[in-house]
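Next come the chains, spelled out residue by residue.
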Amino acid sequence: MSATTDIELEIGGMTCASCAMRIEKKLNKLEGVTASVNYATEKARVHAPEGLDPQSLIDEVEKTGYTAVLPVPEQHNAEGTTVGDTDPELTSLRQRLIGSIALAVPVIVLAMVPAFQFTHWQWASLALASPVIVWGAWPFHRAAWLNLRHGTATMDTLISVGTIAAFVWSLYALFFGTAGEAGMKHPFEFTIAPSDGAANIYLEVAAGVTMFVLAGRYFEKRSKRQASAALRALLELGAKDVAVLRGGAEQRIPIGELAVGDEFVVRPGEKIATDGVVVGGRSAVDASMLTGESVPVEVIEGDRVVGATLNAGGRLVVRAAKVGGDTQLAQMAKLVEDAQTGKAEVQRLADRISGVFVPIVIAISVATLGAWLGAGFPVAVAFTAAVAVLIIACPCALGLATPTALLVGTGRGAQLGILIKGPEVLESTRSVDTIVVDKTGTVTSGKMELVGAWAADGVERGELLRLAGALEAASEHPIARALAAGAAAEVGALPEVENFQNHEGTGVQGIVEGHLVVVGREKLLADWAIPLDGGLAERKRHAESLGQTTVIVAWDGAARGVLAVADTIKPTSAQAIAELRSLGLRPVLLTGDNTTVAEQVAEAVGISEVIAEVLPQEKVDVIRRLQDEGHVVAMVGDGVNDAAALAQADLGLAMGTGSDIAIEAADVTLVRDDLLAALDAIRLSRRTLGTIKGNLFWAFAYNIAAIPLAALGMLNPMLAGAAMAFSSVFVVGNSLRLRAFRGVKSTTTSLDSNPRKATS
């Protein structure tokens, strides 16, 4: 079997999913080549025979009419910012949009307001509209030409044919008809009568449609570009430099110079530079970014640690085991990219309609020309009718249909804490039937809190919290901080600590108000020969059975109480799950945390299906398995460990309080730290999609209704303008109805309803 290699190409010039399909088909015709082209990420991944010159693949893509280049490695400046991080296509679209708005608005105003139609206004319109129709609409003309070469039609074909027809006829009317005469006006006449069209110009139609569609295309392109930002954000999570031990001394070097086998130092609060093995020290490592485990993991000599996780405790010396592209962080970046590349693309609704509509309109136009000529009418009259069909088939409202609904829908979403990235996001919301939710930071708060305090007989609860809280306040351990914060919230100011000592991995000790206080695990108390009585032992076992983390408090040689901390459930999570079920969705809890904790949380919020103790790549596998079973899957998460699964899901929803990489990889960002926002996002997305579909229907319907009038030669400029204006007003009005959308109100008024946050 011959060796193969993977080649990645960056593709330019694609305007819809059908473009990606064409390129993919062309590449797959090459011998031994298997290619996958993604319209969203604008990349082609090619599996080719080893030794194949990438230039041959680039040449093949260019034969199809598109551009292709090999990816250029990113360069970073001293501040870590990417150098040359620009998108020429996005920049070009922005320039065309700004120029078209500046030129097209006066043309539309002149055509629609007779009072502004000064002498020779039509020539001013021509001067303003020409750059818009030729330069501004160039991407549509180019795409239409490519479509023609491949025997297909999309929205670009419709836009190009309509604007060119309107422009060419306007030139005819101005130079060879009567439209160029001084004092010409577009009058308010609603009479239907045949005309030779010599006094009619349609410059505002061509310029207006170009402006609106350019706006939609620009915002779509800008949202698509977020896909690559996700990968950059993920790779930037790692440490930028590292303190390596060379000759017994520490030497700070860039992370790129670190080699396998090097030993490096990680101080408290620093990120671990790369995957490795602990060879000195002990500490607590916050690995929730990768595992979802809410409790920091204690590590000692011989334990493996992962790059980009946070050292939350003592000083560590780590020997590098993997560097660069072999690290778990780099593998997660590849998972995100693979998930995005493999995501099924949804063609734009307008393209699908245009694919049928354009050929029909062109056929009607040709038939109209033939019918008029066959009936013996002059060529000018026949040509007027044929061109009128093309002009009326290019609806102004089509350019407004998607952008206005998105503008109003996403604007309303922003008020509710929901950020929707683009129109392609909306289609999957209607068919979603399964919603997978992460536990830590999504269903739960994602931070440890004091949830239980049990005092021994004869000990006051306040005294237990005051002494233990004071001691823990002197520690930097995440569990200690949670205990200290909980104690301070209940008893107020905490006393000072003397002779504080930290026993790494087991607990702490110190003198508080004259008492020698010890707080920690049973092992630490055993070292002090302090037994745990039956009542406290039973309290401890019960708390741990609920997935809570416990510590024992002792002073003056006796155990005085047990404290428990846990990642608490958000007060609205149970309501959100119930409401999601009412939408017909099947909730699944997916977490890297341990099974006991996961099942306790799931039971509390009403989820019956739990998948726990999974790694980031396994989360992707779970999403893919559900999709293979025929489900359309939404995923809600907040951590780096959720990023690849969010990208793989048909609909990814990221908590805005979570990591940047999760937000970038997701389709929808939930600014509110609340699972009810996910419910509102699905409801709003479905409502917005329904509005877009309604807009598209009416945008075409008004014009389809006018086509018979155009074919009969009875369409004057006022009727054409009125039909287009009315359809545009209808579309805008229909979109504005989205402002009335209301989110689901929380029925929870207090944290007291949280079944996992109760002390006794």
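Computed from a predicted structure; not experimentally measured.

K.L.:
So what's going on with the nonpolar core? Which residues, and what values?
P.N.:
One broad trend across soluble globular proteins is that nonpolar side chains are buried collectively. Counting 50 residues, the largest nonpolar core has Ile 201, Leu 203, Phe 357, Val 361 and Ile 707 as the members making the most contacts within it. Breaking this core down by element, the ones donating at least two residues are α3 (88-112), α4 (121-136), α6 (155-175), α7 (203-224), α11 (349-374), α12 (379-392) and α25 (676-711). In terms of residue count, α7 provides more of this core than any other element does, 10 residues in total. Those residues in contact with Val 361 that lie beyond four places of it in its chain are Val 389, Leu 390, Ala 393 and Ile 707. Within the second largest apolar cluster, 39 residues are counted, among which are Ile 577, Ala 634, Ala 678 and Leu 679.

K.L.:
Go over the pairing of strand β9 (residues 263-266) with me, naming the residues and quoting the values.
P.N.:
Across two bridges, strand β7 (residues 241-246) lies against β9 in antiparallel orientation. Along β9, the bridge assignment pairs Ala 243 with Val 265. The pairing of β9 with strand β15 (residues 316-320) spans four bridges and is classified as antiparallel. Residue pairing across strands places Glu 263 opposite Arg 319, the latter belonging to β15.

K.L.:
Which residues make up the sheet that holds strand β2 (residues 34-38), and what values do they have?
P.N.:
Adjacent strands of a sheet pair through backbone hydrogen bonds, lying either parallel or antiparallel. Read across the open sheet, the four strands follow the order β2-β3-β1-β4; overall the sheet is antiparallel. If you trace the sheet from one side to the other, it starts and ends with β2 and β4 (67-69), each paired once. The mean inter-strand angle of the sheet, taken between neighbouring strand axes irrespective of direction, is 25 degrees. Pairing of β2 with strand β3 (residues 43-49), which is carried by five bridges, proceeds in the antiparallel orientation. If you follow Thr 34 over to β3, its bridge partner there is His 47. Most of the contacts of helix α2 (residues 54-63) go to β4, to which it runs at about 165 degrees, and overall it touches β1 (4-12), β3 and β4.

K.L.:
Quick rundown of the confidence of the model for the protein chain? Include the residues and the values.
P.N.:
Residue-level pLDDT values for the protein chain average 79, and 81% of them are 70 or greater. Counting contacts from residues 75-84, a segment whose pLDDT is below 50, to residues more than four positions away or on other chains yields 12 contacts. Every residue in residues 342-347 scores below 50 in pLDDT, and together they form 14 contacts with partners more than four places removed in sequence or on other chains.

K.L.:
An account of the sheet that holds strand β26 (residues 633-637) is requested, with residue identities and associated values reported.
P.N.:
If you walk across this open sheet you meet the seven strands as β16-β28-β27-β26-β17-β24-β25, and the pairing is mixed. The sheet is open, and its two edges are formed by β16 (418-420) and β25 (609-611), each paired on a single side. Pairwise comparison of adjacent strand axes, ignoring direction, gives a mean angle of 20 degrees for this sheet. Summarising the sheet, β16 and strand β28 (residues 668-670) pair through three bridges and their orientation is antiparallel. Looking at the pairing, Leu 419 lines up with Thr 669 of β28.

K.L.:
How would you sum up the side chain of Ser 125? Please name residues and give values.
P.N.:
Relative to the elements of secondary structure, Ser 125 occurs in helix α4. By relative accessible area, Ser 125 is classed as buried at 1%. Beyond its immediate sequence surroundings of up to four residues, Ser 125 is in contact with Val 107, Leu 110 and Leu 203.

K.L.:
Help me get a handle on α3, residues and values and all.
P.N.:
Look at α3: 35 Å from first C-alpha to last across 25 residues, which is about the 36 Å you get at 1.5 Å a residue. Considering bend angle alone, the principal kink of α3 is centred on Ala 104 and spans about 30 degrees; proline Pro 106 follows within four residues of it. Among all positions in α3, only Leu 90, Leu 93, Arg 96, Leu 97, Gly 99, Ser 100, Ala 104, Val 107, Leu 110 and Ala 111 are buried.

K.L.:
Outline the environment of Thr 384, supporting the account with residue identities and numerical values.
P.N.:
Following the sequence through the fold, Thr 384 ends up in helix α12. Sequence spacing of Thr 384 and Met 714 is 330 residues, and the spatial spacing of their C-alpha atoms is 9.9 Å.

Conventions adopted
- Per chain, residue numbering runs from 1 following the sequence as it is written.
- Totals for whole chains, interfaces and linings use every residue, but because this is a predicted model, local features are given only for residues with pLDDT of at least 70 and side-chain atom pairs only at 80 or more, for both listing and counting.
- Based on all heavy atoms of the structure, the side-chain values leave hydrogens and waters out of the count.
- Each nonpolar core is a collection of buried residues, namely Ala, Val, Leu, Ile, Met, Phe, Trp, Tyr and Cys, held together in the definition by side-chain atoms within 4.5 Å.
- Burial classification: accessible surface area is computed with a 1.4 Å probe over protein chains only, and a residue below 20% of its type maximum counts as buried, one above 50% as exposed, and the rest as partly exposed.
- Counting from the N terminus, the helices are the DSSP runs of H or I reaching at least four residues and the strands are the DSSP runs of E reaching at least two.
- Contacts: residue pairs with any heavy atoms within 4.5 Å of one another.
- Two strands pair under a simple rule: DSSP has to find at least two bridges between them.
- Only the contacting stretch of a helix is used when fitting its axis, a line to C-alpha atoms as for every element, and angles between N-to-C directions run 0 to 180 degrees.
- pLDDT runs from 0 to 100 and stands for how confident the predictor is about each residue.
- Given the number of residues in a helix, its expected span is that number minus one, multiplied by 1.5 Å.
- Fitting axes to the seven residues that end at a residue and to the seven that start at it, the angle between those axes gives the bend at that residue.

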